[in-house]
Each structure stands twice: as C-alpha cells, then as structure tokens.
Amino acid sequence: MTAAVRMMEDSLKCVDGVLLILDARAPRASLNPKLGKLFENKKILYVLNKSDLADEEGVKRTISEFRKEGKETVSLSATNKSAIDNLYNKIFVMLKEKLDRNKEKGVFKPVRIMVAGIPNTGKSTIINALSGGKKTVTGDKAGVTKGKQWVRLKDMDLLDTPGTMPPAFQNQTYAVHLAYLGSMNDANIDFEDLAFEFISEFKVRFPELIKNKYGIENLDAEPIDIFNEICVKRGFLMKGGEYDYARCSKAIIDDFRKGRTGKVVLD
Ligand code: GDP
C-alpha cells in the first residue's frame, strides 16, 4: 500500500462520509478499484465532475450503471452554483440516518466529509465552491495525523486532499485516458506518443470531433497522415517545413483537456 493510501485509511476513521470525485469524461478510469475496499463501510457519493466537458448521454449512462452497482452518483460541473448547492444537500441526504440518530441523542455537530479522488478531477475546485470561496482552514483535528487540512463550513467539515489518491493502472486503455485528462504526471508522459494514441482512438470512435475541430476530411487515413495534416492546418511546421510534432502534440492534448475538442465519455 502506498503512503497516500495508508494516510487515507487513517483519515477515514474520523469522517462520516466520502465524496469521491471522478472525471465525467473517464469515470471508470478515474475510479481506483483498489480503494473500493477502503471505502467499503463508509457512506459514499460518487461525483462525476466536469460534466460540462462530457457527452450528456454518456454521463446519464454512467450514472445509471453506477447506481445499478449500488453507488449513489451525481453529475455536476464545479463551476455551476446550483449544482454545488444540490451537492451540498445530497451530502445531508446521504448522512440522514446518522444525523437523525445524533438529533435523538441531542448531539449537534458538523458532519465530516473526506473529499477524495485522483489528481486533476476538481477536488480543490469543489471544496472552494462548497465553501463559497470563503473557506476557513481549521487545521489538524484530534485523532488525525498532523498535516491534514480541514475546511470548516457552517455545518460541515471537509477534509481537503488527504494525500494524493493515486491513479490505478487497471489497464493500458485507462492509463492512456487518464493521461489525456491530465491525471497522470505530465513529466513522465511522451506527448508525441500520447497525441498519436489520441488521433488513433478518436479517428475511429469520435471521427466527427476530429473532423470538426481540425477540418480533417479523410478519417480513413493513417493516424500519422492525420497528425501531419493537423500540423499543416495549425501551422506547426519548423524551418524547412518539417512537422513540429512536439508543439502539435501539446496543442492536441491541451485542446482536449480544455474541452475544445468536443464532449465525450471515453469509458
Ligand atoms: P484537483 O487536483 O482534484 O484538486 O483538481 P483542481 O480543483 O485543481 O482542478 C483541476 C482543473 O480542472 C483546474 O484547471 C480547474 O479549473 C478545472 N476544473 C475543475 N472542475 C471543473 C469543471 O467542473 N469543469 C471544468 N470545465 N473545469 C473544471
């Protein structure tokens, strides 16, 4: 077990529930199944964030699949105020039994929620949005390893990023999808290989997006020919007219990450 997972296990003892933040564009790839066991006995809400960048039908499908698996799931965009209000309410619905029990006992204390998820899924953005940007960091709590940050809201304490939850390498396809999303460490990524994979996958699965975004007509062409055509169309050429794959690759992946390629659900 990695140190991050151990740290999370430790923190779980003192929270009432977990918000597991997933990227709506790759919900399964961004779910680390090894952590399923860790969260087994906790109330948990799956949050498909960045749904503004995902295909609506695909998001609906994911929600119904996860619900069939017994996981309560919501989709949202962290930038959407009413969706954040809805999330806030859902947390209390999730914890209703416990809150009712507390009430019977005359106990009134903030609920404690861990916000978990692999890098870049929007955890910080969601915490900021839930706290209305006026977050108060309350520091360490008893029973929790030092160094963890709690964010106090009116009636809720949020545990901010208790160690980075590592992406899982369940299969090569998921790993590649996580790299598209920016959830892997970019420093270890060969962007030219990644962009080549991206073109190879998208030309088959989402040809319309490649056509509309880059003005490519012949999607039956080899991936390398499409890559070259994008270099030409976007002006990524070096002196002497050679293709500037390095710059073109970064642009292609950046387009996808920022939602400029179009809305998809990859898995
Ligand atoms: P963390 O690593 O999980 O804490 O992720 P961040 O909160 O730092 O978010 C990563 C990036 O995704 C930032 O550039 C955010 O602005 C962006 N982001 C977060 N949530 C959303 C969302 O719902 N929609 C879009 N389009 N971008 C988002």
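Our structure's up above, just so we're on the same page.
A brief report on the enclosed structure follows.

### Quick look at the packing of aromatic side chains
Thought 1: In total, this model carries 11 aromatic pairs according to the counting rule given.
Thought 2: With 5.1 Å between their ring centres and 90° between their planes, Y46 and F66 make a pair best called edge-to-face. Of this pair, Y46 sits in strand β2 (residues 43-49) while F66 sits in helix α3 (residues 56-68), and the two are 20 residues apart along the sequence. Both residues of the pair, Y46 and F66, belong to the buried class.
Thought 3: Centre to centre, the rings of F202 and F256 are 5.8 Å apart; their planes meet at 80°, and the pair counts as edge-to-face. On the criterion of sequence distance, the pair formed by F202 in helix α8 (residues 191-205) and F256 in helix α11 (residues 245-257) is long-range, its members being 54 residues apart.
Thought 4: Accessibility expressed as a relative area gives 0% for F202, which makes it buried.
Thought 5: In this arrangement the basic side chain of R112 is found over the ring face of W150, its NZ or CZ atom lying 5.1 Å from the centre.
Thought 6: If you follow K250 out to its NZ or CZ, it ends over the ring of F191, 4.2 Å from the centre.

### Some remarks on the nonpolar core
Thought 1: Ranked by internal contacts, the top residues of the largest apolar core, which has 63 residues, are L20, F39, M114, Y180, F202 and I252.
Thought 2: For this core, the element with the most residues is helix α7 (residues 172-181), which contributes 7 residues.
Thought 3: Among all residues touching F39, those that are not within four sequence positions of it are M8, L12, V18, L20, I44, M114 and A116.
Thought 4: One finds I21, L45, A78 and A83 within the second-largest nonpolar core, a separate group that totals 24 residues.

### Focus: the pairing of strand β4 (residues 111-116)
Thought 1: Within β4, 5 of the 6 residues are buried, which leaves it mostly tucked inside the rest of the structure.
Thought 2: In this structure, strand β1 (residues 17-23) lies alongside β4, joined through 4 bridges in parallel fashion. Directly across from G17, in β4, lies its bridge partner I113.
Thought 3: Both β4 and strand β7 (residues 156-160) contribute to a ladder of 4 bridges, which runs parallel. The residue of β7 that forms the bridge with R112 is D157.

### A word on the pattern of salt bridges
Thought 1: For the structure on display, the rule yields 19 salt bridges.
Thought 2: Between K60 and E56 there is a salt bridge, and its shortest N-O distance comes to 4.0 Å. Of this pair, K60 and E56 both sit in helix α3, separated by 4 residues, roughly a single helical turn.
Thought 3: On the basis of relative accessibility, which here comes to 46%, the residue K60 falls in the partly exposed class.

Thresholds, definitions, all that
- Residues numbered from 1 in each chain as written.
- Predicted model: local features only at pLDDT ≥ 70, side-chain atom pairs only at ≥ 80, totals over all residues.
- Heavy atoms only, no water.
- Phe/Tyr/Trp six-rings, centres within 6.5 Å; stacked < 30°, edge-to-face > 60°.
- Helix = DSSP H or I, 4+ residues; strand = E, 2+ residues; numbered from the N terminus.
- Buried < 20%, exposed > 50% of the residue type's maximum accessible area, 1.4 Å probe, protein only.
- Lys NZ or Arg CZ within 6 Å of the ring centre and 35° of its normal.
- Core = buried A, V, L, I, M, F, W, Y, C linked by side-chain atoms within 4.5 Å.
- Contact = heavy atoms within 4.5 Å.
- Pairing = 2+ DSSP bridges.
- Salt bridge = Lys/Arg side-chain N within 4 Å of Asp/Glu carboxyl O.

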